[in-house]
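# Inside the fold
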Amino acid sequence: MITSNIEINEKVKREISNCYILGRLADESDPDRIPPLGKERRAITRVQNDDKDTIVFYVQAISDEPKIIKNILNKDHKECYVSFDDRNSRYLQSIKYYEQSDKIQFLRDHLENKLILFRPKLSVRHDNIIHPYHYNFDIVLVSDDKVDSNYYVSVPSIKNGVPAARFEKSLFERSPIQLPDYPNYMDIPEFILCDGYLYFIPYQDILETGSNINLYYGKKPEQIKKLALNDIPDYWDNVKSAYRELGFTTDVYASKLRDLFHTKGKPVMLQENISVKKGGKAKEIEEKNQTLSEVEFISRLKYFADEEGLTYQEEEALINFHAALKTENIAVLGGMSGTGKTQLALLYAKALGVKKDENLLMVPISPSYTEPSDILGYLNHQMGLFMESETGLVSFLEEASERENELFMVLFDEMNLGQVEHYFSPFISLLELPKDQRKLKLFSKDAVCHNRKLKEGIPIRDNVLFVGTANFDETTKDFSNRMLDRMNVIFLEKVTFGEALVDKETKNEIFDKETVVDRKIYREEWTRKETKLEESEISLLDRLHSLMSEYDSQIGVSFRIAKGIGKYLSNIPLDKDGNLFVTRKTGFDYQIKQRILTKIRGHREQIQDLVGTFDLENNKYQPGLIARLLLEEISGEDEFKTSLNFIKQKAKELSRNGYAL
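Now for a look at the structure at hand. Note that this is a predicted model, so its numbers are computed, not measured.

Conventions used here
Residues numbered from 1 in each chain as written. Predicted model: local features only at pLDDT ≥ 70, side-chain atom pairs only at ≥ 80, totals over all residues. Heavy atoms only, no water. Buried < 20%, exposed > 50% of the residue type's maximum accessible area, 1.4 Å probe, protein only. Helix = DSSP H or I, 4+ residues; strand = E, 2+ residues; numbered from the N terminus. Pairing = 2+ DSSP bridges. Axes fitted to C-alpha atoms, helices over the stretch in contact; angles between N-to-C directions. Left-handed = near helix turned anticlockwise from the far one by under 90°. Contact = heavy atoms within 4.5 Å. Nonpolar A, V, L, I, M, F, W, Y, C, P; charged D, E, K, R; others polar. Phe/Tyr/Trp six-rings, centres within 6.5 Å; stacked < 30°, edge-to-face > 60°.

## Describing the pairing of strand β12 (residues 215-218)
Side chains of β12 alternate between two faces, with Leu215 and Tyr217 and Tyr216 and Gly218 buried alike. Relative to β12, strand β8 (residues 177-178) runs antiparallel, the two being bridged by 2 bridges. Looking at β12, one finds that Ile177 is bridged to Tyr216. Where strand β11 (residues 207-209) lies against β12, 3 bridges are found, and the strand directions are antiparallel. Its bridge partner lying in β12, Thr209 is registered against Tyr216. Adjacent in sequence and paired antiparallel, β11 and β12 are bridged by 5 residues.

Shown next as structure tokens:
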């Protein structure tokens with residue numbers, strides 16, 4: 001018998017509310033299951049003895065529930081979760097509920113026979129010793145999928161972008177495996193999705209949980225089986241209420257999957273022959289006598305971020321930024337204020353061994369910067385002296401040209417407070433030239449200047465990394481298409497406070513934290529020269545170019561962009577076993593967003609057909625031409641997720657503001 005001495009602390013309650021449960025509106029054919037809080041024993045009704053006209057509504061879980069709720073509190077699976085229209089205000093506002101005259105009928109029409117994804121909330125009750133908690137809920141999503149089963153099975157996904165080979169290796173090495181939307185307050189999942197494969201975990205003891213609520217570890221990985229999604233009939237047609245990295249399937253279809261795994265499933269095995277796909281052909285990885293491996297550098301970067309208490313998405317922030325910067329001469333970190341753009345650039349410099357006032361120069365950009373002399377300086381013709389700008393950039397570049405085996409970094413902080421293509425113009429074309437032809441001319445060769453070294457110009461070698469940070473709001477300047485054509489703009493997304501504040505899982509990993517990265521390591525050992533694109537990628541870029549250039553001839557996909565994308569994809573870092581840190585499909589998704597979609601901005605009349613429309617009242621997105629093109633290319637729901645979300649956000653901005661930045 002459950003008594004009131006069961007107490008669940010606030011931290012656990014908060015973490016339980018990060019779980020996701022699929023539900024349906026309470027079954028009115030069994031009214032005894034509906035608590036007597038309303039005037040009627042119905043799924044939606046008014047609260048009795050309430051002068052505020054509050055409406056109460058109930059849902060029943062039709063998927064698994066957190067272990068504490070079902071095993072410790074002994075909640076009956078058919079027992080209802082309850083909420084009120086003044087406690088689900090965020091979701092109800094999004095569907096214009098409060099503007100309705102007949103709220104009960106509106107809510108019934110909206111929820112009846114629909115799949116409802118919700119988060120459970122526990123609140124203490126003082127009127128019942130046997131049942132010490134109320135089971136409340138927050139609506140996350142109401143799916144258009146109809147309720148066609150009495151029970152659904154959760155199918156969580158590994159963190160987006162993680163290759164299947166890395167996931168499998170982590171299983172055998174007992175390295176942490178992250179399921180972002182499946183906290184370990186739930187039972188061990190029976191199915192896990194990763195990189196085009198579905199994995200079958202037939203027993204609960206095959207995986208075990210860690211102290212971080214989203215981390216799991218392999219315990220008996222040899223008992224796990226896998227199937228390629230292409231070998232599973234109608235898989236995506238049977239995924240319901242997909243949300244972020246989580247989906248559900250009916251118990252009937254789950255039973256079919258179990259049978260399929262028993263007959264055709266392949267055991268997960270630890271790879272012994274280390275090879276990696278390059279240009280579609282498997283090649284053996286040659287051992288290099290590296291002073292510092294790229295794997296160790298990435299471990300070092302993550303370690304320094306954790307040490308500083310900073311939380312970044314590993315694939316989309318750390319790996320993506322590193323791959324973008326090492327394959328181009330400049331990269332820009334964008335995003336809302338406070339997402340750690342400048343800190344990430346400084347952490348990257350620290351991981352390289354680049355030090356401030358030695359080979360790291362930070363240049364805070366002023367809105368008054370309008371021409372190159374603002375960051376470089378100017379020649380005083382009367383004195384025959386070059387008057388260097390207070391930024392110190394010329395002296396810094398001069399020193400970098402003399403110490404060509406060392407890495408140098410220039411960080412332009414708040415880069416677009418000024419008009420970038422004006423003050424940065426000498427570098428725009430210069431960085432496109434072969435490295436032996438890059439020479440920064442500060443003044444005419446016929447001018448009189450007593451500094452002879454400056455008169456010859458300053459060689460800009462490939463040992464100099466240019467990094468910018470940028471906000472995108474009414475206080476900043478737009479990057480021109482000419483600038484966007486030449487660089488990656490990486491938007492840092494704010495992680496949730498829950499992710500940022502959760503205890504980090506510690507692992508005694510040994511790696512080099514001291515060795516300084518020099519130019520040879522960075523540009524030769526870590527960088528591959530090949531720039532090959534696959535046929536399907538070329539085809540998609542061609543179609544994107546046709547769509548975009550039809551609306552504006554200046555926003556297509558240039559040869560420069562295509563070459564840059566190919567170089568990026570060929571240089572996604574490899575782990576110590578030769579597996580990509582980020583799948584090629586995910587890398588291609590990042591590049592479409594960072595190199596192509598950043599050019600789409602303007603007023604509704606200019607870009608609405610391209611980005612689509614967003615109905616703010618009903619919270620519905622109608623895809624435009626670009627989204628429809630990407631959706632045509634999708635073979636799985638995790639493809640082009642970053643690009644589609646970016647386009648969807650632009651459609652929201654259009655609906656709200658009439659323009660998109």
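## Quick notes on the packing of helix α18 (residues 559-570) against helix α19 (residues 584-596)
Interhelical geometry of α18 versus α19 gives an angle of 145° and a closest axis separation of 10 Å. Our pair here, α18 against α19, has a crossing hand that is right-handed. Note on element contacts: α19 touches α18 through Arg584, Gly587, Phe588, Tyr590, Gln591, Arg595 and Ile596, opposite Arg560, Ile561, Gly564, Ile565, Tyr568 and Leu569. Residues that form the contact of α18 with α19 fall into these classes: 7 nonpolar, 3 polar and 3 charged.

## Some words on the packing of aromatic side chains
Tallying each qualifying case throughout the model produces 31 aromatic pairs. Ring centres 4.8 Å apart and planes at 85° place the aromatic pair Phe167 and Tyr199 in the edge-to-face group. Here the residue Phe167 occupies a position in helix α5 (residues 164-173), and Tyr199 occupies one in strand β10 (residues 197-200), the gap between them amounting to 32 residues. Judged by its relative accessible area of 0%, Tyr199 is buried. Within the aromatic cluster, the residues linked to one another by ring pairs are Phe57, Tyr81, Phe118, Tyr135 and Phe137.

## Things to note about the sheet that holds strand β13 (residues 225-228)
Taken together, the 4 strands give an open sheet; going across it, the order is β9-β10-β13-β16, and neighbouring strands pair in antiparallel fashion. Single-partner strands in this sheet number two, and they are β9 (191-194) and β16 (266-267). Relative to β16, β13 runs antiparallel, the two being bridged by 2 bridges. Among the inter-strand pairings, Lys225 is bridged to a residue of β16, identified as Pro267. With respect to the sheet, α5 is in contact with β9, β10 and β13, its orientation differing from that of β10 by roughly 20°.

None of this, on its own, says anything about what the molecule does.
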